[in-house]
There are 4 protein chains.
Amino acid sequence: MPVPASDTGSPPKSNRVARRRDRKVADILAAASEVLAERGYHDTNLDEIAERIDLSKATLYHYFPSKETLVMACMEAVGTEVNGKLRAIAADRSVPARDRLIALIKYQLDTIVHRSPHMASLFRQPLDWPEAYRERIRELQREHYSIFRSVVREGVKNGEFHVDDEAAAIHNLYGGMNYVPVWLRPTRKKDFSQMSQAVVDSLLRLFMSPGAAT
Amino acid sequence: MPVPASDTGSPPKSNRVARRRDRKVADILAAASEVLAERGYHDTNLDEIAERIDLSKATLYHYFPSKETLVMACMEAVGTEVNGKLRAIAADRSVPARDRLIALIKYQLDTIVHRSPHMASLFRQPLDWPEAYRERIRELQREHYSIFRSVVREGVKNGEFHVDDEAAAIHNLYGGMNYVPVWLRPTRKKDFSQMSQAVVDSLLRLFMSPGAAT
Amino acid sequence: MPVPASDTGSPPKSNRVARRRDRKVADILAAASEVLAERGYHDTNLDEIAERIDLSKATLYHYFPSKETLVMACMEAVGTEVNGKLRAIAADRSVPARDRLIALIKYQLDTIVHRSPHMASLFRQPLDWPEAYRERIRELQREHYSIFRSVVREGVKNGEFHVDDEAAAIHNLYGGMNYVPVWLRPTRKKDFSQMSQAVVDSLLRLFMSPGAAT
Amino acid sequence: MPVPASDTGSPPKSNRVARRRDRKVADILAAASEVLAERGYHDTNLDEIAERIDLSKATLYHYFPSKETLVMACMEAVGTEVNGKLRAIAADRSVPARDRLIALIKYQLDTIVHRSPHMASLFRQPLDWPEAYRERIRELQREHYSIFRSVVREGVKNGEFHVDDEAAAIHNLYGGMNYVPVWLRPTRKKDFSQMSQAVVDSLLRLFMSPGAAT
DNA sequence: GATGAATGAGCCTTCATTCAT
DNA sequence: TATGAATGAAGGCTCATTCAT
C-alpha cells in the first residue's frame, strides 16, 4: 500500500516544510515586531525576541542572517500591509475623495496607535543601515505618501478640497496623523481612540478653504 | 575685590571656582547637545562628547554623575530656553493671537530644523530612564504645550480662531510643526525653509472654521 | 546475478549500497579538499562543503562523525595518493637515483602548487586534534620523508650523490620543495612553474659535493 | 616653596604615564606573541591573552583597537627586530659574504625555533586582513628577503658564491631556513639545535658550484 | 539516507562606570 | 580637578554538532 496517487515524492514534503518554515518566520516576525514596538530598535536585542518565542538566539540566524535583516523584514511586512490596505481604500473611486481621505487617516491612526509608534518611528529614524535597506524604506514611504497625495489630488481636482500648497498641506496631514507622543501613549490609549474623530475632523480643515474669521 | 559683600573668607574663591565650573558645565552641555543632535541618543557615547571638548571621559563624571543626567541636562537646557522664548512671544498681548501663534510656530520650526530633529525626538522617545527624569520631561512638554494652548485659547476667546475640538487642533498643530522626516532632512534643508511659510499658512487653517466647500 | 559467490541474501544490496556510499564519500572528500585548499582549515566550514555537493550539512554526519574526521580523511586521501605516486617513482631502480629524485621533486612541486599550499600546510600545522590523528599524520609524513630519503641513500651509495649530513640535506630539500609563500601564489603561478626547473637544479646541489670555491 | 626648576608641569607626568603605558603595551605584546606562538592565529583568543597578564579582555581594547591590530603589532615588533638584527649582520662588509650569510642563516634558524614557527607562519598565511596590513607584511617580507639577497649578491660578485639562478637559490635557502615541521618541533627542539650547523653547511652548497660527481 | 531545525559554547567588540593617582 | 586604566555586562554573530521527522 504505497503512496496515494494524489501525493508525489518531494513536493508534499517540501510544501509542508515550507509551510512550517513560513509559520515560524511569521512567529519570529510577530515577536520581533512586538519587541521592536515596545522597546525601539536600539533597545531590542535578539535574546529577547528569541526568548519570547522560546527559541535560541542562534536559531534566529537560521531564519534571518542578521538583526538588520530581521528588523527590515518586520518593516517590510508592516509597510506592505499598510500600503496595501491604504491602496485598497484609495482605489475605490465610487467613494468621494473626502470620505476616502477620512478612511485613510483613520486607518493610519489606528495603525500607529495599535502597532505602536515605535514601529512607525522605525520608518523615520536614520539608522545606520546598508543603502539597500534605506532605499527600500524610502520606497515604502514614497508609496505611502503617494497614496494620500493621490486622494488629495482627486479631491482638489473635483472641487472637494482646496489647498494653497499641496505639499505643505500633506506635510501637516502627515504630521498630525503620525504624531503620537510616545511618552504618553501607555496611559492614554483610550484618549487617543476617543480623540480619533476629532483629530480627523480637524485635519480635514487642512483641505478646506477657510471661511471668514468673523 | 569683586567679591559679593555677603560672602567672606573662602567664598570668594568658591565664587571663582563656581564660575569656572559653570563655564565647564556649559561647555560640556554644548558639546553633548551637539553630538546628541548629530547622532541621536543611542549613537552618542561619552567618549565622543569628552573628546570634543578635549576632556577625559572620566572628567565628565566630575560634572555629571551619569550619562542620563548629562543628557537630561541638555534637554533641560533646550527645554527651558525654548519654552522661555516661546513664553515671551506668547506673553505679548499687544499682538493679535494669530500673529503670536504664527511667531510661535515659526520659532518652533526653526528650532526643530536647526537644532536638529534628533534633539526634538529626545522629547518623544521613551528612554528607559528613572521616573524622576521622565516626569521632568513631561513637565517641560506640558509647559511647551500649554504655551501654544494659551495663545490658541485667547484667539478662540476673542474670535480670531474657531475650533471644534481644541485638543485635536493643537494635536495636529503639534504634529505638523514637529514633523520632520529625519531621512530627508540633510538633502532638503532648503526645501524646509522654503516650505516654512506654506506650512504655517496651512496650519493656520486648523484654527479657522472652514468655508463653503465649493 | 552479479553477486560475489561468497555473499548471499542481503549482501548484494549491501554491495550496491556500499558502492553508492563510497561514491558519496568520494564526492564529499573531493568537495572538502577543494574548500580546504581554497580557504585553509580555519576558514573552512561544513556548510560550504555541504553546499558544494548539494547536500545538507547534517548529511555529512552520516558519512563522517566530525569535522576532524572529515578533514583527516582528506589528508589521508591526499597523503596516500601522493605517497603512492612517489613510491612508484622511487621504486624504478632502472632509473638513476638522480633522475628519480628530480622526478620526485617535480611531482612534489606540482602537487604543492596545484593542490594549493593550504593542503600542504595542513600537514604542518599543529591542530588541536586527538592524538590518534596526529599520529597518523606523522606516519604519513614519515612515509613521505622516507621515500625521498631512500632515493637519496641509493644515490649516495652508488656515488651519484655526496652529502655531509643526510638529515640536513633532506631537511633543506624538504624546505625548498615545500616552500610556497602563500601570499604570492595567486599572482605568481606562472613564475612558479617557470622557476620549477631552476628550483630543481638548485636543490640538486644539496646532493653534490661543492667544487672549488674560486 | 613651589616647584623645583628642573621639573615642569605636565611633561614629567606625561613621561611617566607614557612609560607606564609603553611597558603595559610591551607586556601585552609579549603575552600575545606567546599565545600566538603557541596556538596560531585562529586559536588565539583575546581572553587568553588578557588572562596571561591578569587583565580584563576589555582592557586590551584600551591599548589596541582590535584583535587584528594587536596581532599586527606583534608581527611588526618581531619583523622589525629580526630585520634590524639581520641588517646589522649583513652590513659588516669587513666580513666575507659567506660568513655573513652563515650568520644570517643561524640567526634566522634560531628565531624560527625559539619564537616558534607559528610566529613565522603568520607571515606566510593569507589571513583575511585589511589591505593596509597585508601591504605592511609584504613590506617586512621584502625587506627580510632583500637582506639575504644582498649578501648573496655580494658573494656572487666577489666570487665567493656561484649560482645558476639567484632567485631559485634564495627560494631554496628560504625554504630550508624556514622549514620547521611544527608537528615535530615540541619533541625535537634539541635535534634542531644540533642540526643547526649541519643545515647551514648543507644550505651553503646552494651557493657553490657543484664539483665533479665522481 | 537525508534534512530542516535547533542550540550551546565561544568570540570580538562596545560602553557606561569606577578608581587610584 | 583631571585622567589613564580597568572592567562587568551586554550584544551580535558563527559554527560544529544533535535530533526528530
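Small disclaimer: the values here were computed from a predicted structure and weren't measured.

K.L.:
Mind laying out the protein's contact with DNA strand F, listing which residues take part and the relevant values?
P.N.:
Around DNA strand F there are 33 residues in total, and Tyr 61 of chain A, Arg 21, His 62 and Tyr 63 of chain B together with Ser 56 of chain D lie nearest to it. By atom count, sugar and phosphate contribute 66% of the portion of DNA strand F lying within 4 Å of the protein. Between DNA strand F and Lys 67 of chain A there is a distance of 2.8 Å, counted from a phosphate oxygen to a backbone nitrogen or oxygen. Every element with two or more residues in the surface near DNA strand F is listed here: helix 3 (57-63) of chain A, helix 1 (11-39) and helix 3 (57-63) of chain B, helix 3 (57-63) of chain C together with helix 1 (10-39) and helix 3 (57-63) of chain D. Its residues assigned to classes, the surface near DNA strand F shows 13 nonpolar, 12 polar and eight charged.

K.L.:
Which residues make up unusual backbone geometry, and what values do they have?
P.N.:
Non-glycine residue Asp 54 of chain A carries a positive phi angle of around 55°. Residue placement: Asp 54 of chain A occurs in the loop between helix 2 (46-52) and helix 3.

K.L.:
Break down the interface of chain D and chain C for me, citing the residues and quoting the values.
P.N.:
Listed by partner, the interface residues are 49 residues for chain D and 47 residues for chain C. Taken over both partners, the interface formed by chain D and chain C buries close to 4300 Å², and the fraction arising from carbon and sulfur atoms is 61%. Between the two partners, chain D and chain C, sit two salt bridges. Among the salt bridges present, the one from Arg 205 of chain D reaches Asp 164 of chain C, with a minimum N-O distance of 3.5 Å. On the surface where chain D and chain C come into contact, there are 17 residue pairs in polar contact (both at pLDDT 80 or more). The dominant element in the side of chain D that touches chain C, judged by the number of residues it contributes, is helix 8 (residues 166-178) of chain D, at eight residues. Taken together, the residues that form the side of chain D that touches chain C break down as 26 nonpolar, 14 polar and nine charged.

K.L.:
Would you mind going over the interface of chain B and chain A in detail, with residue names and values included?
P.N.:
In this assembly, 47 residues from chain B lie in contact with 49 residues from chain A. Together, the buried faces of chain B and chain A total about 4300 Å²; carbon and sulfur atoms form 61% of this surface. One can count two salt bridges joining chain B with chain A. One can count 17 residue pairs in polar contact (both at pLDDT 80 or more) joining chain B with chain A. Elements supplying a minimum of two residues to the side of chain B that touches chain A: helix 6 (117-122), helix 7 (131-157), helix 8 (166-178) and helix 9 (189-204) of chain B. At eight residues, helix 8 of chain B tops the list of elements feeding residues into the side of chain B that touches chain A.

K.L.:
Kindly report on the environment of Gly 211 of chain C, identifying the contributing residues and their values.
P.N.:
Turning to its location among the elements, Gly 211 of chain C is positioned in the segment after helix 9 (189-204). Given the relative accessible area of 24%, Gly 211 of chain C is considered partly exposed.

K.L.:
How would you explain the relation of the copies chain B and chain A if you had to name every residue and give the values?
P.N.:
What relates the pair of chain copies is a rotation about an axis plus a shift along that axis. Note on the copies: chain B fits chain A at an RMSD of 0.5 Å, the axial shift is 0.0 Å, and the rotation between them is 176°. This pairing of chains is accounted for by a two-fold axis. Comparing interface residues between copies, 98% of those in chain B also lie at the interface in chain A; the contact surface is shared.

K.L.:
Help me get a handle on the confidence of the model for chain A, residues and values and all.
P.N.:
All names here are of chain A. Averaged over every residue, the pLDDT of chain A is 87; the share at 70 or more is 86%. Across chain A, the element-wise mean pLDDT spans from 74 in helix 9 (residues 185-204) up to 97 in helix 3. A low-confidence stretch, residues 1-9 (pLDDT under 50), is modelled with one contact involving residues beyond four sequence positions or located in other chains. Here residues 183-187 is a poorly scored stretch, pLDDT under 50, and it has 11 contacts once near neighbours within four places are set aside; other chains count.

K.L.:
Please give an account of helix 8 (residues 166-178) of chain C that cites residues and values.
P.N.:
Helical periodicity: at 3.6 residues per turn, an α-helix aligns residues three or four positions apart in one direction. All names here are of chain C. For helix 8, built from 13 residues, the straight-helix expectation of 18 Å at 1.5 Å per residue is met to within 8% by its first-to-last C-alpha distance of 18 Å. The element helix 8 is largely enclosed, with a buried count of 11 among its 13 residues. Where helix 8 is concerned, the buried positions are Ala 168, Ala 169, Ile 170, His 171, Asn 172, Leu 173, Tyr 174, Gly 175, Gly 176, Met 177 and Asn 178. For helix 8, the N-terminal capping position is held by Asp 165, with its side-chain oxygen 3.0 Å away from the main-chain nitrogen of Ala 167.

The rules behind each value
- Residues numbered from 1 in each chain as written.
- Chains lettered and ligands numbered in written order.
- Predicted model: local features only at pLDDT ≥ 70, side-chain atom pairs only at ≥ 80, totals over all residues.
- Heavy atoms only, no water.
- Near = heavy atom within 4 Å.
- Polar contact = N/O pair within 3.5 Å; in protein donor to acceptor, adjacent residues only side chain to side chain.
- Helix = DSSP H or I, 4+ residues; strand = E, 2+ residues; numbered from the N terminus.
- Nonpolar A, V, L, I, M, F, W, Y, C, P; charged D, E, K, R; others polar.
- Contact = heavy atoms within 4.5 Å.
- Buried area = accessible area lost by both parts, 1.4 Å probe.
- Salt bridge = Lys/Arg side-chain N within 4 Å of Asp/Glu carboxyl O.
- Buried < 20%, exposed > 50% of the residue type's maximum accessible area, 1.4 Å probe, protein only.
- Least-squares fit on C-alpha atoms with pLDDT ≥ 70 in both.
- pLDDT = per-residue confidence, 0-100.
- Expected span 1.5 Å × (residues − 1).

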